[in-house]
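# Secondary and tertiary structure notes
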Amino acid sequence: MAPDGTVDYRALFRALPAPALLLDRGLQVLDVTERLCGLLDRAAPELTGRSLDDTLPASLVHEAQPGGRTLLEALAAAVQLRDTQRTGEVRWTGLRPPGERRETWWRFSVLPMASPDDDRDGEVAVLVVTVEDVTGVVRERDRAADLSRAEAAAARRLQGLAHVALEIAAADTVTELTDIVVTRGVSALGCHSGGVAVRDDDEGVVRLSITDTGLEGQRLFQVLPLDLRLPSVVASVVPEPIFLGTRDEGLAWGEGMRRVYDSSHRSAWASLPLLVENRLLGSLTVSWVEEREITGDERALLAAFAAQCAQALRHIQVRAAERRALVSSRLLSETLQRSLLTEPPQLADVEVAVRYVPALQESYVGGDWYDAFHVPGQGTIVVVGDVAGHDRVATAAMAQLRNLLRGIAHSLEETPAVVLTALDLAMADLPVDTMATAVLAHVEPLEDHCGVRVRWSNAGHPPPVLLLPDGTAELMAAKPELMLGVEPGVYRTDHEIEVPAGATVLMYTDGLVERRGESLTQSTEWLLRRVRSMAGLPVEALCDALLAELPGRGEDDVALLALRAVGERAPVDPEEWLPDAVDHDRRFAADGITLTTVPPSALPSGTHHASLVLAHDLASVRRARTFVRHHCRVAKIGADTCETAVLLTSEAVTNAFIHGRSEARLRVRVRPGHVRVEVGDDNSRHPTRTDRDDDALDGRGLDILEMLSTRWGVDDDEVGKTVWFEVREPSTTSDVAASPVPPDHDGLARR
């Protein structure tokens, strides 16, 4: 108290231990504490007797954190409410301990003091403003907020990487894996671009795919030698990660990085090896626009992601190798089986056409077979049989039965029933315990040469079909008899029928008619309907048309033999059945194949031109063979040239599936005596000749092309490459330079 009994505000104010100001109602500074003078680095006379705005910086008076009250607002509220008011946090770098300049945070408290005069009724006389240092509180709160945001970002990143990891695990090709990693993976990692390098030890290179998230997924592909000193290459060779957080670090690591920095506009890089069981498969590379310190957590996250990529890449490569081995094995098995199924003899009284289509399951071979041969004094003998099983054991049994049957037929001058009975008895001596079905027929010309006589016996086999020239079709059915190998020596029956000129007998195995979800009666009725609509087709075209009706993935192999009595009936002009052949082409499209046939008016005279797109499926190899054979026959190409083109087509399409890993684009261009076949895929890598290995299952594709084609080559196109070959009949090989194959036409289907 003052001597006169009044409150001594100044004495009370000076006793405050905190930085403070004493203001009157007009916001004039009446007094300051020594602590405040020290903070502002000014003497008391320089601060008193002045307005608040002249004493404190304007930022302290008029600013505060969003949502907080400023000092000026707190002063006004204290006068009006006559109660203590506080401000929000105020930032100022000028408030500092002596000798140290740093950012600090403060909060002001305003204490209103009432006037002691009774006539002023407690009106505020002075205001005491104290300053509290809340820097530590603010920083701790900011750290907690930063940590929370970092944790949330990390959680989002981990969640994103988890989704990417699932996609990576489901990737089926290296291209698909690379696309996932360099797009969604890079984004989830918080990087600005990335790439995957895959080692190709056969060629001594790495194949690098890079993307930039700022360029809408734009991708760059490079092939780099293994001795190049770049992070993505070195990490593919040396199993150590490479982290280059700054440009200086990168230039010190290798001078080649200078060009990388200048061309990529990236300042920080990380490359990690893709390592599985101590085997280096390639590398993962990511980059950032700005220089950065690549933290331990980031390195651990990148390492975990690289490990996932490596496992996925390894699985893809293993599956691809297994598929290549399986395809090679299947093709070898099919080749071996086809070698047992010889071409039928050329006869005067009958035309014989044969076909074999393997099943798309298990070992790609089975026990179905056909045979046709001439026995002096007995006419022509034809047989179609089916040994139980779909593997190499069934194929071995089939080969033994086929050869045994030929020997018996040549040595016995007996009817089909007797021959089958003898075969059944002889089967007991075979080392393979098996059962089989077969239908065997003797074919002899009638005396007037207006047809043939067919005498046959059926051992548990599907009945043949008789197709008359007028389109009438019926089963050559008889009482069912036992299969071979069930009860040797059982009595068998002969049946006989006269087949008029122009009529066809169709013998087949059950793979042609047995279909999932259909009864045998339904599928047999389907067969009769289809052959009735094909009565006008030549016998070769009839076989092709029937096989084109098979489902995309056959569950059983198919052997087919069609014989047509010739007699004195005039041969069918192919032009007469060309509309039916076009319908046959349309059925390819109904089976999911893109097909285009160029109208004859759009081509040079005498030229036939067609194309289709084949799905990446082994069944498509058969369709490609059927397609080429069909169009060669439409153009009246000789049998030898046609079959050579079919064989080379099978090789080229198979290689497109194995190495191109895409659908195949097949084009056929034919003119008299000349066939050109083109097979395109999405892989731009050209085929290369491997070292000769006579024990290998594959690797002979180029040798076959070189040996059998007139000429061949590889052309680059906008989506990959095209392997082409030409086959010419002997009389036209000298016309190569003078008679080129017509160029492509706009009407061809091309992707």
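Overview of the structure. (Residues numbered from 1 in each chain as written. Predicted model: local features only at pLDDT ≥ 70, side-chain atom pairs only at ≥ 80, totals over all residues. Heavy atoms only, no water.)

### A word on the overall build of the chain
Note the following rule: By definition, any uninterrupted DSSP run of H or I lasting at least four residues is a helix, any uninterrupted run of E lasting at least two residues is a strand, and each is numbered from the N terminus. Buried means the residue's accessible area, taken with a 1.4 Å probe over protein chains only, is under 20% of the maximum for its type, while exposed means over 50%, and partly exposed covers the values in between. The method behind every accessible area is Shrake-Rupley, applied with a 1.4 Å probe, and residues are considered shielded solely by the protein chains displayed.
Of the regular secondary structure elements, the chain holds 20 helices and 28 strands. When burial is assessed residue by residue, the chain has 48% of its 751 residues classed as buried. About 35900 Å² of surface is accessible on the chain, with carbon and sulfur atoms providing 51% of the total.

### Considerations on the pattern of salt bridges
So the rule is basically this: Put simply, a salt bridge is a Lys or Arg side-chain nitrogen that is within 4 Å of an Asp or Glu carboxyl oxygen.
A full pass over the atoms with the stated rule returns 31 salt bridges. Notably, a salt bridge pairs Arg 199 with Asp 201, separated by 2.8 Å at the nearest N-O pair. Among the residues examined, Arg 199 registers a relative accessible area of 23% and is labelled partly exposed. In this structure, Glu 203 engages Arg 207 in a salt bridge whose closest nitrogen and oxygen atoms are separated by 3.1 Å. The partly exposed category is assigned to Glu 203, whose relative accessible area is 39%. A relative accessible area of 29% means that Arg 207 is categorised as partly exposed. By sharing partners, the salt bridges in this structure join Arg 667, Arg 669, Arg 676, Glu 678, Arg 711, Glu 726 and Arg 728 into a single network.

### Re the environment of Glu 663
Assignment of secondary structure puts Glu 663 in the loop between α19 (639-660) and β25 (664-671). Overall, Glu 663 belongs to the partly exposed group, its relative accessible area being 22%. Counting along the chain gives ten residues from Glu 663 to Val 653, while the straight-line C-alpha distance between them is 9.3 Å.

### What about the pairing of strand β17 (residues 451-459)?
This is how the line gets drawn: Only strands joined by at least two bridges in the DSSP assignment are considered to pair.
Of all nine residues in β17, seven are buried; the element is thus mostly enclosed. Linking strand β16 (residues 436-445) to β17, which pair antiparallel, is a turn of five residues; within it His 449 sits at a positive phi near 55 degrees. Pairing between β17 and strand β20 (residues 495-500): six bridges, direction antiparallel. Bridge pairing in β20 places Gly 451 opposite Pro 500.

### Structural notes on the packing of aromatic side chains
Short version of the rule: Pairing of aromatic side chains requires ring centres within 6.5 Å, counting the rings of Phe and Tyr and the six-membered ring of Trp. Pairs whose planes differ by under 30 degrees are stacked, by over 60 edge-to-face, and all others tilted. Lysine and arginine charges are scored as sitting over a ring when NZ or CZ, respectively, is within 6 Å of the ring centre and within 35 degrees of the ring normal.
Applying the stated criterion to the full structure yields zero aromatic pairs. Above the ring of Trp 253, the side-chain terminus of Arg 229 is found at 4.0 Å from the ring centroid. Over the ring of Phe 243 we find Arg 299; its NZ or CZ atom is 4.3 Å from the centre of that ring.

### Some thoughts on the sheet that holds strand β22 (residues 558-565)
Quick note on the threshold: Between N-to-C directions, angles span 0 to 180 degrees; the directions come from axes that are lines fitted to C-alpha atoms, helices contributing only their stretch in contact. We call two residues in contact when some of their heavy atoms are within 4.5 Å.
With antiparallel pairing, the five strands of this open sheet are ordered in space as β13-β22-β21-β18-β19. The sheet is open, and its two borders are formed by β13 (350-357) and β19 (473-475), each paired with just one other strand. Sheet twist, expressed as the mean angle between neighbouring strand axes with direction ignored, is 15 degrees. The sheet contact formed by β13 and β22 spans eight bridges and is antiparallel. Bridge pairing in β22 places Ala 353 opposite Ala 562. Packing against the sheet, helix α16 (residues 539-548) makes contact with β13, β18 (465-467), β21 (504-508) and β22, and its axis sits at approximately 25 degrees to β13.

### Remarks on the environment of Ser 51
Looking at the element boundaries, Ser 51 is found in the loop between α3 (44-47) and α4 (52-55). Residues Ser 51 and Gln 28, spaced 23 residues apart in sequence, show a C-alpha to C-alpha distance of 4.4 Å. Ignoring sequence-local partners within four residues, the contact set of Ser 51 consists of Leu 27, Gln 28 and Val 29.

### Some thoughts on the side chain of Ser 236
Mapped onto the elements, Ser 236 comes out in helix α9 (residues 231-237). The exposure class of Ser 236 is buried, given its relative accessible area of 0%. Beyond its immediate sequence surroundings of up to four residues, Ser 236 is in contact with Ala 197, Arg 199, Val 206, Leu 280, Gly 282 and Ser 283.

### Remarks on a negative patch on the surface
To be explicit about the condition: Residues with no salt bridge and a relative accessible area higher than 30% make up the patches, which join like charges within 9 Å and nonpolar side chains (Val, Leu, Ile, Met, Phe, Trp, Tyr) within 5 Å. Under this rule, positive means Lys or Arg and negative means Asp or Glu; His and the chain ends count for nothing. Taken as the charge location is NZ of Lys, CZ of Arg, CG of Asp or CD of Glu.
Together, Asp 248, Glu 249, Glu 290 and Glu 291 make up a region of like negative charge exposed at the surface. Inspection of the secondary structure assignment puts Glu 290 in the loop between β12 (279-288) and α12 (296-340). With a relative accessible area of 56%, Glu 290 lands in the exposed category.

### With respect to the side chain of Thr 70
One can find Thr 70 in the loop between α5 (58-62) and α6 (71-81). Among all residues touching Thr 70, those that are not within four sequence positions of it are Val 61, His 62, Glu 63, Ala 64 and Thr 87.

### Let's talk about unusual backbone geometry
Phi at Arg 82 is positive, roughly 55 degrees, even though this residue is not glycine. Tracing the backbone through its elements, the reader meets Arg 82 in the loop between α6 and β3 (85-86). If you check the backbone angles, Asn 278 has positive phi at about 65 degrees while not being a glycine. Considering the arrangement of structural elements, one finds Asn 278 in the loop between β11 (268-276) and β12. Taking the relative accessible area as the measure of exposure, Asn 278 reaches 76% and is therefore exposed.

In short, shape yes, function no, at least from these values alone.
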